[in-house]
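Structural description and commentary
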Amino acid sequence: MSNETVIEAVDDGNRRNFLIKLTSVVGGAGVAATCVPFVASMNPSTDVLAKAETEVDLTGITPGGIRTVAWQGKPVFILHRTAEQIDSVKTVGNALDPEPDEKRVQHPEWLVVIGVCTHMGCVPNKEGLGWICHCHGSQYDDSGRVTRGPAPKNLEVPPYYFAADNKIIIGKTA
Amino acid sequence: MRTLMNTLWKAVLLGCFSLPVWANEAVLEKVAIETDVKSIERGAEALMGACHSCHSMKYLHYRDLVSYGMDKQKVETWRGDQPLDGAILAQMGESDAMASFGKVPPDLSLMAKARDGGANYLYSYLLGYYLKADGMAGNHLYPETKMPDVLNVSGTTDAAQHAEIAGQARDIVSFLAWVSDPHEAERIRLGYYVIAYLLVLTTLLYLLKNQIWSRLK
Amino acid sequence: MPGRIIEWIDQRFPLTSFVKHDLTGYPTPRNLSYWWNFGFLAGFVLVLQVATGIFLAMHYKADIAQSFDSIQHIMRDVNYGWLLRYMHATGASAFFFVIFVHMARTLYYGSYRAPRELMWWTGQGLLLLLMATAFMGYLLPWGQMSFWGATVITNLFRATPFIGDQVVIWLRGDYTVGDATLTRFFSLHYLFPFIIFAAVGIHLVALHTVKSSNPSGINLADKDNIPFHPYFTIKDLYGLGIFLIVYSVFVFFMPDSLIEPANNIPANPMQTPNHIVPEWYFLPFYAILRSVPNLVGGVLAMGLSVMIFAFMPFLDRSRIPGGAHFRPIFKIQFYLFLVDMFILGYVGYVPPTPQTIVIGQIATLCYFGSFFLIPFVSKAEERWLMQRGLPPEITALIEKEAHDKEARKKTPLRRKGDIA
């Protein structure tokens, strides 16, 4: 075989390979892009996302009183804390999940926590100072911090902000 | 023989595609609907004034108007005491509507699609009112209608006034077209990209096909 | 490493041999034209419909109080729901378009003739399954046309002798098309495509036994076959590209062109729309149904109009191989048949007037006439063509086929490895 034919064969092979590779890449990109609407359709639809925020009017919750509202399908405890309750949580809390109370509230009189036990997901009951979860005995203080296990973590604080003095929007920070 | 077959084919295909035209009887006034946010908002305003008292658009929520880009204040005034998260319901209750008209005014969410002629039909319908001999308003397109002449088409003789009413009708119909297909703009935009991509890919496939087949003697 | 895994599998499962024998290395006539792309396209549209259908079913509610609303939910609120819905609706029309072209190719080129009868009949079965699936799917949006179309068509089962009325009630699960009907149609609409998958498998097994025909109509010598991969894989992909462009034009720029306006109105059992019209792919058969003024007669005519295709291998008695390629009269018959289908489609679409009814009846007679005439015309044509003189390969092939037929009658069918 002469040099020319060898080069031609190699060139042709290269060109062939290049076209196959290019077409495969372009085609593959198309296939990947086609998957996007299918996967995206499984994400929450706009009407579900609209429920992602819940507005709560705080008037009517007396000091010491507690209201439970639904947010994204979960219960949220809104506790209007008395001075006594605020005092009781001034210490850093039990070693299980230490966190200062100031970090968990925006205004000290209002505690907003998701009412789902961090152990297995039951809803704890308000008992005196704090909550007790009757499923496995976990206990939380009036800052929602876990004081007795088997729960490992404090009650979760959802994102929320004060739209007015007596109105909070749960679902996002301001 | 070949060319005869070809022309026959083309004639048949042409015939099929013009079927929808043949199947329609009424000649409708064409309207150039607007598709930008501002015009559609203007249409929403006109509709809320002229139509919302009797007609619902239950597949649309007030919050959808806000997320589309309409002025939140305006939406607040339109919704009255209906919730923002709620569907756009008619101001008049169903029993009152039955008492006044004998039937519940139809929901408008899909009206631009539910009639042959779509937006052109709605436009022609709104402008199709005329004064009958007995002094009542009748409609050329839909004589049995119980709907009153809300834009007061039958009462205008002045050309300038009529033009203004036609403008209102155009805005309302543009809004209704958006309500029946809120994703149209996105769909068309995406369509251009998809067709462009497919043209590129098909060209590559064509070149590759030729290249592979050239291996055969 | 991948080689070792494949070796391990090959010792336990015919993976490589299957791929080589039936996929990549599968011998295919080199002269197949683009009319042979449509089988692959049909398979592709099937996958497309199942994919879009499954994701739509994640949001659809099969309950008469919720179905119409759930579809609006899909169109407005679900991310890309509008796209899934339009793809699925357009896909149904695309499916029938592809299948009709696929059938037309088979008729024109005589690919239904021996030994490909089973291919034709499995195809016939697939067509029936597809029609049932499409019919049931059309009820699901619960629009005016959905409801009334289902009412009219389920009413036809009253033609069943003696138990007609009970059959209709059994089918609907109720005295009228209602919630029971909708729920069961949804269940079956989800099921049937998987039966179609299985039937496609059988269709392909039959294909791989008799191999593809080709535009010349003559069985090519083995040397004229080429491996399916890469020649026809790339050709199918290219055809797919063209198809997707047309499909996407519909989906993105005119998706509502295929949706009847009346179906944007929720079903109202108290009010029939002025003009009940099935989807375009049912129009010719609908026209035939309406051409016969008697209920039972109309149903029989419509049923026969779909089933009569199955008789083609018997009706066509010409020994000239292939299809229209060497048979000018058959070719004219074919084109006239197509024109007749279009006329019937038109008659099915427009509201009936005295003129269109007559046109429909004539077209129906022509439709059945073309089938009933085939046995006589095909034989007469064969005699004429033999007289006129055929290319030597054809005469040789006819003689060989006659000889093979005699030989098959003498020796029983036995395969290597048979015990009995």
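Refer to the structure above for everything that follows.
First, a word on scope: everything that follows refers to the structure included in this document. What you are looking at is a predicted structure, and each value in this text was computed from that prediction instead of being measured. (Residues numbered from 1 in each chain as written. Chains lettered and ligands numbered in written order. Predicted model: local features only at pLDDT ≥ 70, side-chain atom pairs only at ≥ 80, totals over all residues.)

**Examining the overall build of chain A**
When helices and strands are tallied, chain A shows 3 helices and 10 strands. Beginning at the N terminus, the succession of helices and strands in chain A can be written as α-α-β-β-β-α-β-β-β-β-β-β-β. Each of the 174 residues in chain A was classed as buried or not, and the buried ones make up 21%. (Helix = DSSP H or I, 4+ residues; strand = E, 2+ residues; numbered from the N terminus. Buried ≥ 20, exposed ≤ 12 C-beta atoms within 10 Å, placed from the backbone.)

**Structural notes on the overall build of chain B**
Looking only at helices and strands, one finds 9 helices and 4 strands in chain B. Counting from the amino terminus, helix and strand elements in chain B follow one another as α-α-β-α-α-β-α-α-α-β-β-α-α. Each of the 217 residues in chain B was classed as buried or not, and the buried ones make up 33%.

**Side note on the packing of helix H4 (residues 67–76) of chain C against helix H5 (residues 81–108) of chain C**
Relative placement of two packed helices is described by the angle separating their axes and the distance separating the axes. Residue and element names in this part refer to chain C. At a minimum axis separation of 5 Å, H4 and H5 run at an interaxial angle of 115°. Taking contact as the criterion, the partners of Ile-71, Ile-74 and Met-75 in H4 are, on H5, Gly-81, Trp-82 and Arg-85. Taken together, the residues of the contact of H4 with H5 sort by class into 4 nonpolar, 1 polar and 1 charged. (Axes fitted to C-alpha atoms, helices over the stretch in contact; angles between N-to-C directions. Contact = placed C-beta atoms within 7 Å. Nonpolar A, V, L, I, M, F, W, Y, C, P; charged D, E, K, R; others polar.)

**With respect to the nonpolar core**
Counting 103 residues, the largest nonpolar core has Leu-122, Ile-172, Val-173 and Leu-176 of chain B together with Phe-95 of chain C as its most contacted members. Among the elements that line this core, the one with the most residues is H5 of chain C, at 12 residues. Those residues in contact with Leu-122 of chain B, other than ones at most four positions away along the chain, are Met-111, Ala-112, Arg-115, Val-173 and Leu-176 of chain B. By size, the runner-up hydrophobic cluster in this structure holds 17 residues, among which are Phe-77, Tyr-140, Val-146 and Ile-170 of chain A. (Core = buried A, V, L, I, M, F, W, Y, C linked by C-beta atoms within 7 Å.)

**What about the interface of chain A and chain B?**
Contact residues are listed per partner, giving 9 residues for chain A and 10 residues for chain B. If one sorts the elements of the side of chain A that touches chain B by residue count, helix H1 (residues 3–41) of chain A sits on top with 8 residues.

**Some details on the sheet that holds strand E3 (residues 74–80) of chain A**
Strand-to-strand pairing in sheets goes through backbone hydrogen bonds, with the strands running parallel or antiparallel. All names here are of chain A. Taking strand neighbours across the sheet as the criterion, the 3 strands line up as E2-E3-E4 in an open arrangement whose pairing is antiparallel. A strand with exactly one partner marks an edge of an open sheet, and here the two such strands are strand E2 (66–71) and strand E4 (110–114). Going from strand to strand, the sheet's axes swing by 20° on average, the running direction of each strand aside. Sheet topology places E3 next to E4; 5 bridges connect them, and they run antiparallel. Bridging from a neighbouring strand, His-80 pairs with Trp-110 of E4. (Pairing = 2+ DSSP bridges.)

**Brief notes about the interface of chain C and chain B**
With 29 residues of chain C at the interface, the matching set in chain B holds 30 residues. Listing elements by their share of the side of chain C that touches chain B, those giving two or more residues are H4, helix H10 (228–253) and helix H14 (328–349) of chain C. Here the side of chain C that touches chain B takes 14 residues from H10 of chain C, the largest share from any one element. Class assignment of the residues belonging to the side of chain C that touches chain B gives a composition of 21 nonpolar, 4 polar and 4 charged.

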